[in-house]
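Reading the structure
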Amino acid sequence: MKFTTVEQATAWLDAQTNPKQRIGLKKIETAMNYVNNPHLGLPVIHITGTNGKGSTTTFLKELLLSQGLAVGTFTSPHIMRFNERISYNGENISDDDLIRIIEQMVEVNEYMETTEYGRLIFFELYTVMMALYFQEKQPDVCLIEVGIGGENDCTNVFKADLAILTTIGLDHEDLLGDTVEAVATEKSGIIKEKSIVVTGPIQASPLNVVSERAKLMNGSHVKFDVDYGFDNIQNLKENGSSFDFWQVVDGQKHVRNWQITMLGRYQIDNATIALKAFIAWMSHHGQYINFEDAAYALKHTKWMARMEKISENPIIYIDGAHNAHGLTALKSLVDEYFYDKEITILYAGLSTKNQDEQLPILQSFEADNLYLTQFDHRKAMSIDDFEELADELLDTSFEMVEDWQSFLLEFVEKADETKERILLVTGSLYFVSDVRQLFLKKVKIK
């Protein structure tokens, strides 16, 4: 089968279904074997976590690139175009390469239909595609984000030299369990024999689960509060934050000051996780670190849809806070950075998320106006869904917006009236992606 456009090719990807639920890694291993195991031998840093994966990966990518290393990244979901999911040296996979590799997947799925496992579906296909592309490019390091969980995620066929666990909280409870310890067990499954382990701010009980897994696999578990740490945090308002990051080498404490422009206290957590992983990786491979170049890279790291300002007049931010943990972190950011501003929030979410937990968090924001809306996604919460849930929660603080596009365009048109206000658009990453698309087409992101 031949495709003429990326849209046509990715439509084929999304149309691949299989009623058989994949259990374990045998299915993805069978597919990889069919294409001669492109995943084997690649130098991999594997990243999992309930929140913070994307920001940590982005910080780490920029740090590694600053040292002249060739870096491949595999992330999800995409914000603007599918090509974002697979990149090399900061450049998204080209349309031609993407179409060519998807055409290979047609043959792969024809083969898989002859096996006991049946066809690969979307994320399984993406994983094989990424392995083939990285085998061609041969990066010095591949940053691979887990899709969901860890041990049973199809990315776990890779043999990572370094495993990162950013945070552990409750999300995807139907797949990962309803306790943080169960989630930690699943996520720590990415730790391989003798792999280095880097953790973020994880509470004691799930961290103990991670530590036990690291010991079992003979990993050198880098504890969050022993070998590395940070202090002297300074809030630079809209310019971000600065902090001192320290590490202990041969009993000596070494301190450097760093700055990030990405907003939020949690972004300092993500930046320090990336720094720990960066230093550990470079040290493990005996590579010299140019800290001046690394500091410049960290300071100038940006990422779409994470407290991204898409309009200056009026001021509009978008942020994909799509679960309880993310919304709690976003509330802390608003309280710290925008306590003296008038805030309007527009939120849309998915029915697969725990909305009865998330709406009370939203309600706790000290926002002047709080709106719920719906958007075009098969799993999106509708206005009726939100109204029913708000009634159950006895919550009357929300106003409903049926047409979010008109709402946003009207907000922009009344910029003179709204210039003292900040509009924060948040919720599902799919939703904030749609908002970003609208602004690119009709408003122009400033």
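Refer to the structure printed above.
All values derive from a computational prediction rather than experimental measurement.

Of regular secondary structure, the chain possesses 16 helices and 17 strands. For 446 residues, the compact-globule estimate of 2.2 N^0.38 gives 22 Å, and the C-alpha radius of gyration of the chain, at 22 Å, lies within 12% of that figure. Viewed in the frame of its principal axes, the chain has a C-alpha envelope of about 60 × 60 × 40 Å. Scored against the burial criterion, the 446 residues of the chain give a buried share of 56%. A fraction of 73% describes how many contacts in the chain between residues 6 or more apart in sequence connect residues 24 or more apart. By element, 45% of the accessible surface of the chain is carried by carbon and sulfur atoms, the whole surface being about 19,600 Å². Taken together, the 41 basic and 66 acidic charged side chains of the chain have centroids lying 5 Å from each other.

With that out of the way, let us pick up the packing of helix H1 (residues 6-14) against helix H4 (residues 95-112). Between H1 and H4, the least distance of the axes is 10 Å, while the angle of their chain directions is 30°. Here H4 runs roughly parallel to H1, going by the angle between their axes. Read as a crossing pair, H1 and H4 show a hand that is left-handed. Along its contact with H1, which presents Val-6, Ala-9, Thr-10, Trp-12 and Leu-13, the element H4 presents Asp-95, Leu-98, Ile-99, Ile-102, Met-105, Val-106 and Asn-109. Looking at side-chain class alone, the contact of H1 with H4 contains 9 nonpolar, 2 polar and 1 charged residues.

As a further point, take the pairing of strand S5 (residues 141-145). In terms of residue burial, S5 counts as a mostly covered element, since 5 of its 5 residues are buried. Residues Val-141, Leu-143 and Glu-145 point to one face of S5 and Cys-142 and Ile-144 to the other, with burial holding for every one of them. Taken together, the 4 bridges between strand S1 (residues 44-48) and S5 define a ladder with parallel strand orientation. Pairing of Ile-45 across the sheet is with Leu-143, part of S5. Sheet analysis places strand S2 (residues 71-74) next to S5, joined by 4 bridges and oriented parallel. Note that in S5 the partner of Gly-72 across the bridge is Cys-142.

Turning our eyes to something else, we now look at unusual backbone geometry. Peptide bonds are, in most cases, trans, and in most cases residues other than glycine have a negative phi. For the bond from Ser-76 to Pro-77, the omega torsion is -10°, close enough to zero to count as cis. The step from Asn-313 to Pro-314 runs through a cis peptide bond, and the omega angle for that step is 5°. One non-glycine residue, Asn-89, lies in positive phi territory at about 55°. Within the secondary structure, Asn-89 is located in the loop between strand S3 (86-88) and strand S4 (91-92). The residue Met-307 is not glycine, and still its phi comes out positive at about 45°. Along the chain, Met-307 turns up in the loop between helix H10 (291-299) and strand S12 (308-311). Taking relative accessible area as the criterion, Met-307 reaches 7% and is therefore assigned buried.

For the rest of this paragraph, the subject is the sheet that holds strand S15 (residues 369-373). Pairing is mixed across the open sheet formed by 6 strands, whose spatial order is S12-S13-S17-S14-S15-S16. Among the strands making up the open sheet, the edge pair consists of S12 and strand S16 (399-401). On average, each strand axis in the sheet is tilted by 30° relative to the strand beside it, whichever way the strands run. Pairing of S15 with S16, which is carried by 3 bridges, proceeds in the parallel orientation. In the sheet register, Tyr-371 faces S16, and the bridge partner there is Glu-399. Packed on one face of the sheet, helix H11 (residues 324-337) meets strand S13 (315-319), strand S14 (342-348) and strand S17 (421-427) and runs near 170° to S17.

Note on placement: Thr-166 falls in the loop between strand S6 (162-165) and helix H6 (173-176). At 2.7 Å, the side chain of Thr-166 forms a polar contact with the backbone oxygen of Asn-51. Setting aside residues no more than four positions away along its own chain, Thr-166 makes contact with Ile-47, Thr-48, Gly-49, Thr-50, Asn-51, Gly-52, Lys-53, Thr-56, Gly-200, Pro-201, Ile-202 and Ile-273.

Taken as a whole, this structure holds 16 salt bridges when the rule is applied. Among the ionic pairs, Glu-103 bridges to Lys-2, the shortest N-O distance being 3.7 Å. With Glu-103 in helix H4 and Lys-2 in the segment before H1, the pair connects residues that are 101 residues apart, well separated along the chain. The exposed category is assigned to Lys-2, whose relative accessible area is 69%.

Right, let's get into a negative patch on the surface. On the surface, Asp-356, Glu-357, Asp-384, Asp-385, Glu-387, Glu-388, Asp-391, Glu-392, Glu-402 and Asp-403 cluster together into a negatively charged patch. Within the residue set of the negative patch, elements represented by two or more residues are helix H12 (355-364) and helix H13 (383-392). When residues of the negative patch are assigned to their parent elements, the largest contribution, 6 residues, is made by H13. Within the secondary structure, Glu-387 is located in helix H13. For Glu-387, a relative accessible area of 36% translates into the label partly exposed.

About the cut-offs
Residues numbered from 1 in each chain as written. Predicted model: local features only at pLDDT ≥ 70, side-chain atom pairs only at ≥ 80, totals over all residues. Heavy atoms only, no water. Helix = DSSP H or I, 4+ residues; strand = E, 2+ residues; numbered from the N terminus. Rg over C-alpha atoms; globule rule 2.2 N^0.38 Å. Buried < 20%, exposed > 50% of the residue type's maximum accessible area, 1.4 Å probe, protein only. Contact = heavy atoms within 4.5 Å. Areas by Shrake-Rupley, 256 points an atom, 1.4 Å probe, with all protein chains shown as cover. Lys, Arg positive; Asp, Glu negative; His and termini not counted. Charge placed at Lys NZ, Arg CZ, Asp CG, Glu CD. Axes fitted to C-alpha atoms, helices over the stretch in contact; angles between N-to-C directions. Parallel < 35°, antiparallel > 145°, perpendicular 65-115°, else oblique. Left-handed = near helix turned anticlockwise from the far one by under 90°. Nonpolar A, V, L, I, M, F, W, Y, C, P; charged D, E, K, R; others polar. Pairing = 2+ DSSP bridges. Polar contact = N/O pair within 3.5 Å; in protein donor to acceptor, adjacent residues only side chain to side chain. Salt bridge = Lys/Arg side-chain N within 4 Å of Asp/Glu carboxyl O. Patch = residues over 30% accessible without salt bridge, like charges linked within 9 Å, V, L, I, M, F, W, Y side chains within 5 Å.

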